[in-house]
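Chains, contacts and geometry: an overview
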Amino acid sequence: MTKFIIANYKMNKNFDECMDYINTFKNFRLPRERTVVICPPDYVLDNFASVIHKKKNCFVGAQDSAIERDGSMTGELSATMIKSTGAKYVILGHSERRNKLGETSGEVNKKVKLAVEAGLVPIVCVGEKLEETKKRKSVILNQLKESLKGVDISKIIIAYEPIWAIGTGKTCDVKDIQFVHQYIKSKLSTKNNFEPVIVYGGSVKPSNAGEILSLECVDGVLVGGSSLDPYEFYKIVKS
Ligand code: PEP
């Protein structure tokens, strides 16, 4: 089964840096058992899609999409606009958007539905804060219930990202990753009779990617900081 390796540049890299990156990355040979998704800033989505569209198992994704289908939403990019660039995926409900911009699970739910309708695969992020560790099961379950209300889970990817592990260098213990992934699978599988695809995110780097990816219940990784250098990211792809 393929494992997803997803790069999230966040708000990093200008146009030339992005193009240098993709022109380096396009020459790397990707293992057959990996599906790579690169999520750069929106302004290079079509450039990236046209560079890698002939590459097998490699796709482009956005880091967010608008809450409305179209209309008066100055500065926003709709799911159909993103799709028209050649992108196939979109990260939704990232903790930085939830916590810094106040995005709610209800809003994430609207975005997820519009993304699916547009033919994109949403990568829906959930995860607990450090102070919520003891009640993480209920925190995560609530985020999932609200974010995925009325959504066919066979059309999405879930990213479990403990917030305290994002960009901090602190990785979640593999036993904890396993516990949470199995918990989510058990909760969503029973309701929908389908096993959801779940990737882990939070300080994944070349030195820990192999161990995390070897876990059966982990369907891939979402990588922020370590995706910014194409050579480092490629090490993770090959892990
Ligand atoms: C992320 O951006 O979702 C992320 C997990 O970042 P980092 O790998 O830097 O922790």
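Refer to the structure above for everything that follows.
So, here is what we can say about the structure in this document. (Residues numbered from 1 in each chain as written. Predicted model: local features only at pLDDT ≥ 70, side-chain atom pairs only at ≥ 80, totals over all residues. Heavy atoms only, no water.)

1. Some remarks on the site of the ligand
Every one of the 14 residues lining the ligand counts as a neighbour, but Lys10, His94, Glu161, Gly167 and Gly224 are closest to it. One of the side-chain N or O atoms of His94 is found 2.8 Å from an oxygen atom in the ligand. Take Gly224: an N or O atom from its main chain is 2.8 Å from an oxygen atom of the ligand. Residue composition of the shell around the ligand, grouped by class: 4 nonpolar, 8 polar and 2 charged. (Near = heavy atom within 4 Å. Polar contact = N/O pair within 3.5 Å; in protein donor to acceptor, adjacent residues only side chain to side chain. Nonpolar A, V, L, I, M, F, W, Y, C, P; charged D, E, K, R; others polar.)

2. Considering the pattern of salt bridges
Taken as a whole and assessed by the stated rule, the structure comprises 11 salt bridges. The residue Glu103 makes a salt bridge to Lys111 at a minimum N-O spacing of 2.8 Å. Overall, the relative accessible area of 9% leaves Glu103 in the buried class. Note that Arg136 is salt-bridged to Asp176, the shortest N-O span being 3.2 Å. Here Arg136 is found in helix 6 (residues 136–147), whereas its partner Asp176 is found in helix 7 (residues 174–192), with 40 residues between them in sequence. Three or more residues are tied together by salt bridges with common partners; here these are Asp64, Arg97, Glu103 and Lys111. (Salt bridge = Lys/Arg side-chain N within 4 Å of Asp/Glu carboxyl O. Buried < 20%, exposed > 50% of the residue type's maximum accessible area, 1.4 Å probe, protein only. Helix = DSSP H or I, 4+ residues; strand = E, 2+ residues; numbered from the N terminus.)

3. A short note on the layout of surface pockets
Taken as a whole, the largest pocket holds about 570 Å³ of empty space. Residue lining of the largest pocket: 22 residues in total, with Lys10, Met11, Gln63, Asp64 and Arg97 positioned closest to the centre. Grouping the amino acids of the lining of the largest pocket by side-chain chemistry returns 8 nonpolar, 6 polar and 8 charged. (1 Å grid on protein atoms, 1.4 Å probe; cavity = no way out; pocket = protein on both sides within 12 Å on 5 of 7 lines; lining within 4 Å. Points joined across faces, edges and corners; volume = space filled by probe spheres on them.)

4. Concerning the nonpolar core
Ranked by internal contacts, the top residues of the largest apolar core, which has 62 residues, are Phe25, Ile38, Phe48, Leu148, Ile158, Ile184 and Phe233. Among the nonpolar cores identified, the runner-up in size contains 13 residues, and Cys39, Cys125, Ile157 and Val199 belong to it. (Core = buried A, V, L, I, M, F, W, Y, C linked by side-chain atoms within 4.5 Å.)

5. With respect to the pairing of strand 3 (residues 58–62)
Burial analysis of strand 3 places 4 of its 5 residues in the buried class, which makes it a mostly covered element. Two strands pair when backbone bridges link them, and strand 2 (residues 34–39) and strand 3 are joined in this way by 3 bridges, in the parallel orientation. Directly across from Val36, in strand 3, lies its bridge partner Cys58. For strand 3 and strand 4 (residues 89–92), the ladder comprises 2 bridges, and the chain directions are parallel. Bridge assignment links Ala62 to a residue of strand 4, and that residue is Val90. (Pairing = 2+ DSSP bridges.)

6. With respect to the environment of Gly119
Following the sequence through the fold, Gly119 ends up in the loop between helix 5 (105–118) and strand 5 (121–126). Among the residues examined, Gly119 registers a relative accessible area of 42% and is labelled partly exposed. Separated by 82 residues in the primary sequence, Gly119 and Val37 have C-alpha atoms spaced 16 Å apart. Each residue touching Gly119, except ones within four places of it in the same chain, is listed here: Lys83 and Lys88. (Contact = heavy atoms within 4.5 Å.)

7. Here's the deal with helix 2 (residues 45–52)
Every buried residue of helix 2 is accounted for by Leu45, Phe48, Ala49 and Ile52. Seen from one end, helix 2 has its buried residues packed into an arc of 100°, which puts them on one side. Residues of helix 2 that are buried in the fold lie against helix 1 (15–25), strand 2, strand 3 and helix 3 (79–84). (Arc of directions from axis to C-beta.)

8. So, the sheet that holds strand 3
Strand order in this closed barrel of 8 strands is 1-2-3-4-5-6-7-8, and the pairing throughout is parallel. Sheet twist, expressed as the average angle between the axes of neighbouring strands with direction ignored, equals 25°. Relative to strand 7 (residues 197–201), strand 6 (residues 157–160) is paired through 4 bridges, and the arrangement is parallel. Looking at the pairing, Ile157 lines up with Val197 of strand 7. Sitting on the sheet, helix 2 is in contact with strand 2 and strand 3, with an inclination near 170° to strand 3. (Axes fitted to C-alpha atoms, helices over the stretch in contact; angles between N-to-C directions.)

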